[in-house]
Protein chains: 2
Amino acid sequence: MIMKGNILNVFTDEIYPGEIKIENGIIQSIKEINSDFNEIIVPGFIDSHIHIESSMLTPSRFAEIALKHGTTSVVADPHEIANVMGIEGIEYMINDANASPLNYYFTAPSCVPSTKYETSGATLNSKNIDELLNRPEFVALGEMMNYMGVINKDKEVMAKLDIARKHKKPIDGHAPQLTGKALQAYVKQGITTCHESITKKEALEKRRLGMKIMIREGSENHSLEELLHCGAEFIVSDDITSEDLLKGHLDKCLREAVDLGMDPFDAIKLVTINPAEHYNLNTGSITPGKNADLVFIDNLNDFRVKRVIVNGNTIFKKQKLLFRANPKLLENKLDIIPKKPEEFNIKVQDPSHKSATVNVITAKDNQIITGTKTAKLTITKGIILPSIYEDILKISIVERYGGNTISNGFISGFGIKNGAMAASIAHDSHNIIVVGTNDKFMAQVTNKIIENKGGLAATSNHDSIDLSLPIAGLMSNKSAHNVAKVSSKMNEFVQNMGCQLTNPFSTLSFMASPVIPSVKITDKGLFDVNKNEFMNVIINEK
Amino acid sequence: MIMKGNILNVFTDEIYPGEIKIENGIIQSIKEINSDFNEIIVPGFIDSHIHIESSMLTPSRFAEIALKHGTTSVVADPHEIANVMGIEGIEYMINDANASPLNYYFTAPSCVPSTKYETSGATLNSKNIDELLNRPEFVALGEMMNYMGVINKDKEVMAKLDIARKHKKPIDGHAPQLTGKALQAYVKQGITTCHESITKKEALEKRRLGMKIMIREGSENHSLEELLHCGAEFIVSDDITSEDLLKGHLDKCLREAVDLGMDPFDAIKLVTINPAEHYNLNTGSITPGKNADLVFIDNLNDFRVKRVIVNGNTIFKKQKLLFRANPKLLENKLDIIPKKPEEFNIKVQDPSHKSATVNVITAKDNQIITGTKTAKLTITKGIILPSIYEDILKISIVERYGGNTISNGFISGFGIKNGAMAASIAHDSHNIIVVGTNDKFMAQVTNKIIENKGGLAATSNHDSIDLSLPIAGLMSNKSAHNVAKVSSKMNEFVQNMGCQLTNPFSTLSFMASPVIPSVKITDKGLFDVNKNEFMNVIINEK
């Protein structure tokens, strides 16, 4: 097969008309020719760090959209499903990924559970990691979220790092707000990437230490503008919703990067040759021996994708995708007992007390990092009440792996006036997370999720809505359009209850993560991520 | 241990005063401080492609000089000794290297013998390569000289390439003058470096295909100026004589690169972080977790080395080297029968013929690539005579591995008026190579080398000189100063015989290599490298 066009060379920053000879899915040779072409052929785009689960789509469903936008390879960290279902979940992801033409590579989830501070559905030990990294489709050790474990040289963490080194596979990092000595102790262990930088200053400190910076431009984080001129090496999604994916993927990032003043050749490297070299993927450039992963675009300003070829096969052409996904289902074990409103009560020690000072998580729009503040709340019949007026709502984690416990706390930033929202997506262990204005609504949405065996649910005083996510309580087997439609409606529903967050359910899902600062809530209690210790919800009562 | 100075950061192109904390030879942390320092601390230099044997020094003797010049790591291809003595020779190199503080890494010699067109002392098959690449000190498959074997998919060559991929170790290239389809077929097999480019055009063609360019600045090749602004990633020696080594190593290259207009930060990367990342060496930057390989220099123009630290130990300070080599000897098996002058005769078929037209190798100063021409020579008593007047001398290869055969031909470019020179260093199989004005002298120098069990020898009509190289016929166990002194004298001796080459013995040593264009002579005959076939010495006789 011969493909013709203006070929973009990522090594020399040139574009020249040429013919690409392809056999068995591999580029055999390139020949410069004298011709005029309208379209530029660039290497297929690589998203080098993504948790597919965050789209609530299966890998094959994700591919249906990503391919249209020129993404031909993905380095996926199946961390979410691994926390719920372990190896069984990972195998599901691989099998579903293999049913799509997109080149899926994986990283072995390093932190299942991410820390000991929450209850997960599975544990991956160093032996499991060894088995995964022995497989060619696993190209790295997944982001080492447990940075305290690294710094404190936790035995099992060290064993996992050793295994990655033994397999000569890179170790992905996760070092939000880590700085100074702690960051240096983390880097010292050979952790080479980080996608958690939000500011130029953070990125510079990491680069000085030799880390490769991943610009994260996902649904919850938009760091492209801030980190554009920081010498970053990759652009990644990390987490992207199906709604956002439908608007574009790395093609959109490239368009934005060039709009913001980046040289288009430099921008393209961030999603082609750089990740290919780092993760040792046989793609990322249009040169002999590489997989024939080619994207035809209109120009270097708009990056409109006209045609996509993966491993030598045309997958997208003339606005038509030549592939349909048909993902299998995977039964989710969500065998927990329906909850009663009382279980969401936050009780004081002395019922005669009238007010309590409490620690409150503060959520911020479009950020997964939280803050904290204190608030003084009223006690009625020994129970602390939220303050809807001050936007101090209740937040709870319902343990979904058989423990049947509930951990309750307070949160501000959600702004719901009368109702509740819940999800079985709650990083990193994906217990059920609930935010609401009263315990009745909170029990109601929790029970809807239990009934659906996973998903999202919201209820107001006059209506309710839900999305069933039967695959591990994280993913639907439906199409991106279908999932995005319901998911948008659900976000709107919550916004109509007064919530001012741009992506309420996405923000909600990060409120439990004990590896992203500053204060989170897990099924074991309120957690200070920076200090790496639990804290009391109630400071005092009187 | 704490080291202080102006620290150069290869990731951010910054220099800032700081403290480097070192423990167990590893950099633990870096602290910026407010101080004034005179010296700049840069990462230890890495020569990422060198055949130590070409210095005629053992690795530990080589280290005695290289360390003073800031070289703290070397990626050595023990290709020469492997061709003579196989694994036994490689083990000698490793053991001697380990007796020095310099960090020696090795590549597994891929071409022993380099082709089937000459007789070598040993063969390394794919099983041997597998065993070598299994060892951590072997960081790559050594330069794949047999490019015709790659292009023609020779079974054993393909097996070696597969093994390198299996071990996830890079494959070094060797593609002199390879271009177009042939080069693309070579690159297609995953060969990622080349140190053989002489022109910008060659380098650009290789870079377009994704190859990483090594600027070769050795004794026989000086490509720094030509390739300076070609986007090359490394500076390497490939082959350096002990005389040249004494004048400087990579420090000298850096000085020259900056003199020629290269940004000093860019230059430093070529001998630090770039090779470290490519070969996966834990060095090349001053960052936590890396080996404490540090070089204190005066400034970024002169690159005068003031102090050298390797793995946390000070090795060179105040002009004093804190290490002495004491290499062991290794018995060389050069069991061949002394030669008679008649064996060097080039006889015609019909003794009555008066003249013959012959193919002549043309040697060029400071180049390892030869040309070819034809010459008409006189026949006396059935023997073709050289033409000293036209500088058409005799060249012979004496098989030294028991075959006791001699292959004879003609060469121009050496300019000797009356005498002969010989060496048991003759790439790639290191048979004895002899150039001379008559057969008597040629037999005489050959027999001197046989007597010395390897080395160099030259004789004129009134004097003679020799250097014994008992280790595989390639190396002395003496110091660089000692070897350089004799070697200089020998070159002078040959120049006094009329030779106008800058480094006669070094040029001589490449006249047998069947993997470097265009026409060479091996023990099996006159060889056309480009056509990959033998050619006749005598075109016609009449």
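Residues numbered from 1 in each chain as written. Chains lettered and ligands numbered in written order. Predicted model: local features only at pLDDT ≥ 70, side-chain atom pairs only at ≥ 80, totals over all residues. Heavy atoms only, no water.

Draft legend 1. Local environment of the relation of the copies chain A and chain B. Laying chain A over chain B is done by rotating through 180° and shifting 0.0 Å along the axis; what remains is an RMSD of 0.0 Å. The two molecules are tied by a two-fold rotation axis, judged by turn and shift. Closest approach to the rotation axis among the C-alpha atoms of chain A is made by Lys-168 of chain A, whose C-alpha sits 3.6 Å away. Both copies contact each other with a shared surface, as 100% of the interface residues of chain A are interface residues in chain B too. (Least-squares fit on C-alpha atoms with pLDDT ≥ 70 in both. Contact = heavy atoms within 4.5 Å.)

Draft legend 2. Examining the packing of aromatic side chains more closely. All names here are of chain A. Counting across every chain of the model gives 12 aromatic pairs over all chains. Each ring, one from Tyr-117 and one from Phe-534, has its centre 5.6 Å from the other, and the planes form 75°; the classification is edge-to-face. Taken as a pair, Tyr-117 in the loop between β7 (103-108) and α3 (126-133) and Phe-534 in strand β28 (residues 533-535) lie far apart in primary sequence, 417 residues in all. Pairing Phe-234 with Tyr-279 gives two aromatic rings, centres 6.4 Å apart and planes at 45°, and the pair type is tilted. On the criterion of sequence distance, the pair formed by Phe-234 in strand β12 (residues 234-236) and Tyr-279 in the loop between α12 (273-278) and β13 (294-297) is long-range, its members being 45 residues apart. (Phe/Tyr/Trp six-rings, centres within 6.5 Å; stacked < 30°, edge-to-face > 60°. Helix = DSSP H or I, 4+ residues; strand = E, 2+ residues; numbered from the N terminus.)

Draft legend 3. Just the interface of chain A and chain B, in detail. Across the boundary between the two partners, chain A contributes 27 residues, which contact 27 residues of chain B. Between chain A and chain B, the buried area comes to about 2,300 Å², and carbon and sulfur atoms account for 48% of it. Counting the surface chain A buries against chain B, the share from its top three residues, Lys-168, Lys-188 and Arg-208 of chain A, is 28%. At the junction of chain A and chain B, the tally comes to 4 salt bridges. With a shortest N-O distance of 2.3 Å, Arg-208 of chain B and Glu-32 of chain A are connected by a salt bridge. No other element matches strand β3 (residues 26-32) of chain A, which puts 5 residues into the side of chain A that touches chain B. (Buried area = accessible area lost by both parts, 1.4 Å probe. Salt bridge = Lys/Arg side-chain N within 4 Å of Asp/Glu carboxyl O.)

Draft legend 4. Spotlight on the packing of helix α3 (residues 126-133) of chain B against helix α5 (residues 155-166) of chain B. Residue and element names in this part refer to chain B. Viewed as axis vectors pointing N to C, α3 and α5 meet at an angle of 15°, and their least axial separation amounts to 9 Å. Classed by the angle they form, the pair α3 and α5 counts as roughly parallel. By crossing handedness, the relation of α3 to α5 is classed as right-handed. Residues Ser-126, Ile-129, Asp-130 and Leu-133 of α3 form the contact with α5, whose own contacting residues are Glu-156, Ala-159, Lys-160, Ile-163, Ala-164 and Lys-166. By residue class, the composition of the contact of α3 with α5 is 5 nonpolar, 1 polar and 4 charged. (Axes fitted to C-alpha atoms, helices over the stretch in contact; angles between N-to-C directions. Parallel < 35°, antiparallel > 145°, perpendicular 65-115°, else oblique. Left-handed = near helix turned anticlockwise from the far one by under 90°. Nonpolar A, V, L, I, M, F, W, Y, C, P; charged D, E, K, R; others polar.)

Draft legend 5. Spotlight on the sheet that holds strand β9 (residues 171-173) of chain B. Residues and elements named next belong to chain B. Sheet architecture is open: 5 strands sit in the order β5-β6-β7-β8-β9, paired in parallel fashion. At either margin of the open sheet sits one strand with a lone partner, and together these are β5 (45-50) and β9. Each adjacent strand pair in this sheet contributes to an overall mean axis angle of 30°, direction not counted. With 4 bridges joining them, strand β6 (residues 71-76) and strand β7 (residues 103-108) adopt parallel strand pairing. Directly across from Ala-76, in β7, lies its bridge partner Phe-106. Taken strand by strand, α3 contacts β7 and β8 (138-144), and its axis lies near 145° from that of β8. The sheet strands contacting α5 are β8 and β9, and the helix crosses β8 at an angle near 150°. (Pairing = 2+ DSSP bridges.)

Draft legend 6. Region of the structure containing the packing of helix α1 (residues 59-66) of chain B against helix α2 (residues 79-98) of chain B. Residues and elements named next belong to chain B. Packing of α1 against α2 leaves a shortest axis separation of 7 Å and a crossing angle of 40°. Relative to α2, the element α1 is oriented oblique. For the pair α1 and α2, contact is made by Pro-59, Ser-60 and Arg-61 and by Met-93, Asp-96 and Ala-97, respectively.

Draft legend 7. Helix α5 (residues 155-166) of chain A, seen in detail. Residues and elements named next belong to chain A. Across its 12 residues, α5 extends 16 Å between first and last C-alpha, which sits within 8% of the 16 Å expected from 1.5 Å per residue. Of all the residues in α5, the buried ones are Val-157, Met-158, Lys-160, Leu-161, Ile-163 and Ala-164. On its buried face, α5 sits against α3, β8 (138-144), α4 (147-151) and β9 (171-173). In this structure Asp-154 caps α5, since a side-chain oxygen of it lies 3.1 Å from the backbone nitrogen of Glu-156. (Expected span 1.5 Å × (residues − 1). Buried < 20%, exposed > 50% of the residue type's maximum accessible area, 1.4 Å probe, protein only. Polar contact = N/O pair within 3.5 Å; in protein donor to acceptor, adjacent residues only side chain to side chain.)

Draft legend 8. Looking closely at the pairing of β3 of chain A. Residue and element names in this part refer to chain A. Bridging between strand β2 (residues 14-23) and β3 involves 6 bridges; their strand directions are antiparallel. Each residue of the ladder has a partner; that of Ile-20, found in β3, is Ile-30. From the end of β2 to the start of β3, which pair antiparallel, there are 2 residues, and Asn-24 there has a positive phi angle of about 50°.

Draft legend 9. Structural detail: the environment of Val-258 of chain B. Residue and element names in this part refer to chain B. Along the chain, the position of Val-258 falls in helix α10 (residues 250-259). On the accessibility criterion, Val-258 (14% relative accessible area) is buried. A sequence separation of 43 residues divides Val-258 from Asn-301, and the C-alpha atoms of the two residues are 6.5 Å apart. Non-local contacts of Val-258, meaning those with residues more than four positions away in its chain, are made with Pro-264, Ala-267, Leu-300, Asn-301 and Phe-303.

Draft legend 10. Just the pattern of salt bridges, in detail. Inspection of every chain in the model, using the stated rule, returns 42 salt bridges over all chains. For Arg-135 of chain A, the salt bridge goes to Glu-137 of chain A, with nearest N and O atoms at 3.2 Å. Residue Arg-135 of chain A is classed as partly exposed on the basis of its relative accessible area, which comes to 24%. With its nearest N and O atoms 2.8 Å apart, the salt bridge here joins Glu-91 of chain B to Arg-135 of chain B.

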